[in-house]
Amino acid sequence: MIVLPAVDLRDGRCVQLVGGSYDAERVRIDDAPGVARRWAEVGFRHLHVVDLDAATGRGSNSQVVREVILAFGGVTSDGDSSMGAAYGDGVDVQVGGGVRTDDAVERLLNEGARRVVVGTRALEDPSWIDELAHRFPGEVVVAADVRDRRVVTRG
(Lines give C-alpha, C1' and ligand atoms only; values in the text may rest on other atoms or scores of the structure.)
Protein backbone atom coordinates (compact mmCIF):
# COMPACT_ATOMS: atom_id res chain seq x y z
CA MET A 1 0.00 0.00 0.00
CA ILE A 2 1.22 3.51 -0.79
CA VAL A 3 0.03 6.25 1.54
CA LEU A 4 0.34 9.88 0.46
CA PRO A 5 -0.24 12.44 3.19
CA ALA A 6 -1.57 15.67 1.73
CA VAL A 7 -0.30 19.19 2.19
CA ASP A 8 -3.15 21.41 1.03
CA LEU A 9 -2.10 25.01 0.47
CA ARG A 10 -4.26 28.10 0.87
CA ASP A 11 -2.94 31.63 1.25
CA GLY A 12 0.60 30.22 1.60
CA ARG A 13 -0.35 28.03 4.55
CA CYS A 14 -1.10 24.37 5.11
CA VAL A 15 -4.84 23.90 5.72
CA GLN A 16 -7.47 21.27 6.22
CA LEU A 17 -10.89 22.04 4.82
CA VAL A 18 -14.02 20.18 5.89
CA GLY A 19 -15.65 18.67 2.83
CA GLY A 20 -13.49 20.83 0.57
CA SER A 21 -15.38 23.95 1.62
CA TYR A 22 -13.40 27.20 1.87
CA ASP A 23 -15.87 28.30 4.54
CA ALA A 24 -15.07 25.30 6.73
CA GLU A 25 -11.35 25.48 7.48
CA ARG A 26 -10.43 23.19 10.36
CA VAL A 27 -6.63 23.56 10.50
CA ARG A 28 -4.25 26.35 9.39
CA ILE A 29 -0.47 26.01 9.86
CA ASP A 30 1.88 28.79 8.74
CA ASP A 31 4.91 26.60 7.96
CA ALA A 32 3.77 24.40 5.06
CA PRO A 33 7.31 23.22 4.16
CA GLY A 34 7.76 22.32 7.84
CA VAL A 35 4.59 20.21 7.74
CA ALA A 36 5.93 18.43 4.66
CA ARG A 37 9.28 17.78 6.34
CA ARG A 38 7.50 16.39 9.40
CA TRP A 39 5.69 13.82 7.24
CA ALA A 40 9.10 12.65 5.98
CA GLU A 41 10.55 12.60 9.49
CA VAL A 42 7.86 10.18 10.65
CA GLY A 43 8.59 7.86 7.74
CA PHE A 44 6.36 8.75 4.79
CA ARG A 45 8.07 8.35 1.42
CA HIS A 46 5.39 10.01 -0.72
CA LEU A 47 3.75 13.41 -0.41
CA HIS A 48 0.75 14.94 -2.16
CA VAL A 49 0.80 18.76 -2.43
CA VAL A 50 -2.27 20.66 -3.63
CA ASP A 51 -2.47 24.36 -4.43
CA LEU A 52 -6.10 24.99 -3.49
CA ASP A 53 -5.94 28.64 -4.53
CA ALA A 54 -4.77 27.75 -8.04
CA ALA A 55 -7.37 24.98 -8.29
CA THR A 56 -10.18 27.41 -7.50
CA GLY A 57 -8.80 30.40 -9.41
CA ARG A 58 -8.21 32.39 -6.20
CA GLY A 59 -4.45 32.84 -6.61
CA SER A 60 -1.28 30.80 -6.50
CA ASN A 61 0.97 29.18 -3.93
CA SER A 62 3.69 28.40 -6.46
CA GLN A 63 6.48 29.73 -4.22
CA VAL A 64 5.40 27.52 -1.31
CA VAL A 65 5.02 24.55 -3.66
CA ARG A 66 8.57 25.21 -4.87
CA GLU A 67 9.83 25.35 -1.25
CA VAL A 68 8.19 22.00 -0.46
CA ILE A 69 9.69 20.39 -3.57
CA LEU A 70 13.11 21.84 -2.66
CA ALA A 71 12.83 20.35 0.83
CA PHE A 72 12.77 16.94 -0.82
CA GLY A 73 15.56 17.32 -3.31
CA GLY A 74 14.01 19.58 -5.94
CA VAL A 75 16.01 21.88 -8.16
CA THR A 76 16.30 25.65 -7.87
CA SER A 77 16.08 27.89 -10.93
CA ASP A 78 19.89 28.00 -11.09
CA GLY A 79 20.14 24.20 -11.08
CA ASP A 80 21.16 23.79 -7.41
CA SER A 81 19.62 20.76 -5.73
CA SER A 82 21.57 20.81 -2.49
CA MET A 83 18.82 22.36 -0.36
CA GLY A 84 16.82 19.14 -0.15
CA ALA A 85 19.70 16.81 0.62
CA ALA A 86 18.52 16.11 4.17
CA TYR A 87 15.11 14.82 3.06
CA GLY A 88 15.55 13.94 -0.60
CA ASP A 89 16.37 10.25 -0.21
CA GLY A 90 13.36 8.27 -1.30
CA VAL A 91 10.68 10.96 -0.85
CA ASP A 92 8.45 11.41 -3.91
CA VAL A 93 6.44 14.62 -4.18
CA GLN A 94 3.43 14.86 -6.45
CA VAL A 95 1.84 18.25 -7.04
CA GLY A 96 -1.58 19.30 -8.22
CA GLY A 97 -4.10 22.07 -8.08
CA GLY A 98 -4.84 24.31 -11.02
CA VAL A 99 -2.38 22.60 -13.35
CA ARG A 100 -3.96 23.18 -16.77
CA THR A 101 -1.08 23.82 -19.19
CA ASP A 102 1.83 21.90 -20.66
CA ASP A 103 4.17 24.61 -19.34
CA ALA A 104 2.90 24.18 -15.78
CA VAL A 105 3.40 20.41 -15.93
CA GLU A 106 6.89 20.77 -17.38
CA ARG A 107 7.87 23.46 -14.83
CA LEU A 108 6.78 21.33 -11.86
CA LEU A 109 8.61 18.27 -13.18
CA ASN A 110 11.73 20.34 -13.86
CA GLU A 111 11.57 21.71 -10.29
CA GLY A 112 11.67 18.14 -8.99
CA ALA A 113 8.09 16.95 -8.58
CA ARG A 114 7.95 13.20 -9.24
CA ARG A 115 4.41 13.38 -10.59
CA VAL A 116 1.99 16.16 -11.55
CA VAL A 117 -1.72 15.81 -10.88
CA VAL A 118 -4.15 17.24 -13.42
CA GLY A 119 -7.91 17.22 -13.20
CA THR A 120 -10.19 19.77 -14.76
CA ARG A 121 -8.52 20.11 -18.15
CA ALA A 122 -7.82 16.38 -18.38
CA LEU A 123 -11.52 15.69 -17.93
CA GLU A 124 -12.63 18.47 -20.28
CA ASP A 125 -9.98 17.97 -22.99
CA PRO A 126 -9.18 14.27 -23.59
CA SER A 127 -6.80 15.03 -26.47
CA TRP A 128 -4.70 17.20 -24.15
CA ILE A 129 -4.28 14.45 -21.56
CA ASP A 130 -3.48 11.96 -24.33
CA GLU A 131 -0.67 14.18 -25.60
CA LEU A 132 0.54 14.88 -22.06
CA ALA A 133 0.63 11.19 -21.18
CA HIS A 134 2.78 10.48 -24.22
CA ARG A 135 5.08 13.41 -23.52
CA PHE A 136 5.54 12.62 -19.81
CA PRO A 137 4.95 8.86 -19.40
CA GLY A 138 4.49 7.79 -15.79
CA GLU A 139 4.69 11.37 -14.52
CA VAL A 140 1.09 12.58 -14.89
CA VAL A 141 -1.81 11.56 -12.66
CA VAL A 142 -5.42 12.32 -13.51
CA ALA A 143 -7.56 13.14 -10.49
CA ALA A 144 -11.33 13.19 -10.48
CA ASP A 145 -13.14 14.78 -7.55
CA VAL A 146 -16.61 13.46 -6.82
CA ARG A 147 -19.45 15.19 -5.01
CA ASP A 148 -22.90 13.64 -4.67
CA ARG A 149 -21.80 10.78 -6.94
CA ARG A 150 -20.92 13.18 -9.79
CA VAL A 151 -17.49 14.15 -11.10
CA VAL A 152 -16.83 17.85 -10.43
CA THR A 153 -14.19 20.18 -11.86
CA ARG A 154 -12.63 23.60 -11.12
CA GLY A 155 -11.54 22.83 -7.58
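Residues numbered from 1 in each chain as written. Predicted model: local features only at pLDDT ≥ 70, side-chain atom pairs only at ≥ 80, totals over all residues. Heavy atoms only, no water.

1. Some points on the pattern of salt bridges
For step 1, the next point in the chain: Summed over the entire model, instances satisfying the criterion amount to 13 salt bridges.
For step 2, the next point in the chain: With its nearest N and O atoms 4.0 Å apart, the salt bridge here joins Asp31 to Arg37.
For step 3, the next point in the chain: Residues joined by salt bridges that share partners form a network here, namely Arg10, Asp11, Glu25 and Arg28. (Salt bridge = Lys/Arg side-chain N within 4 Å of Asp/Glu carboxyl O.)

2. What about helix H6 (residues 126-135)?
For step 1, the next point in the chain: The set of residues buried in H6 consists of Trp128, Ile129 and Leu132. Taken down its axis, H6 places every buried residue within 95 degrees of arc, on the same side. Facing away from the buried side of H6 by more than 90 degrees, the exposed set consists of Pro126, Glu131 and His134.
For step 2, the next point in the chain: Turning to H6, the residues buried within the fold contact helix H4 (102-111), strand E6 (115-118), helix H5 (120-124) and strand E7 (140-142). (Buried < 20%, exposed > 50% of the residue type's maximum accessible area, 1.4 Å probe, protein only. Helix = DSSP H or I, 4+ residues; strand = E, 2+ residues; numbered from the N terminus. Arc of directions from axis to C-beta. Contact = heavy atoms within 4.5 Å.)

3. Focus on the sheet that holds E6
For step 1, the next point in the chain: Pairing in this open sheet of 7 strands is mixed, and the strands run E3-E2-E1-E4-E5-E6-E7 from one edge to the other. With one partner strand each, in any of the chains shown, strand E3 (25-29) and E7 form the two edges of the open sheet. Shown here is a sheet whose adjacent strand axes are inclined to one another by a mean of 30 degrees, direction ignored.
For step 2, the next point in the chain: Taken together, the 3 bridges between strand E1 (residues 6-10) and strand E2 (residues 13-17) define a ladder with antiparallel strand orientation. Its bridge partner lying in E2, Leu9 is registered against Cys14.
For step 3, the next point in the chain: Across the sheet, helix H1 (residues 32-41) lies against E1, E2, E3 and strand E4 (46-51), angled at about 175 degrees from E1, the strand it touches most.
For step 4, the next point in the chain: Contacting strand E5 (92-96), E6 and E7, H4 crosses the sheet at an angle of about 150 degrees to E6. (Pairing = 2+ DSSP bridges. Axes fitted to C-alpha atoms, helices over the stretch in contact; angles between N-to-C directions.)

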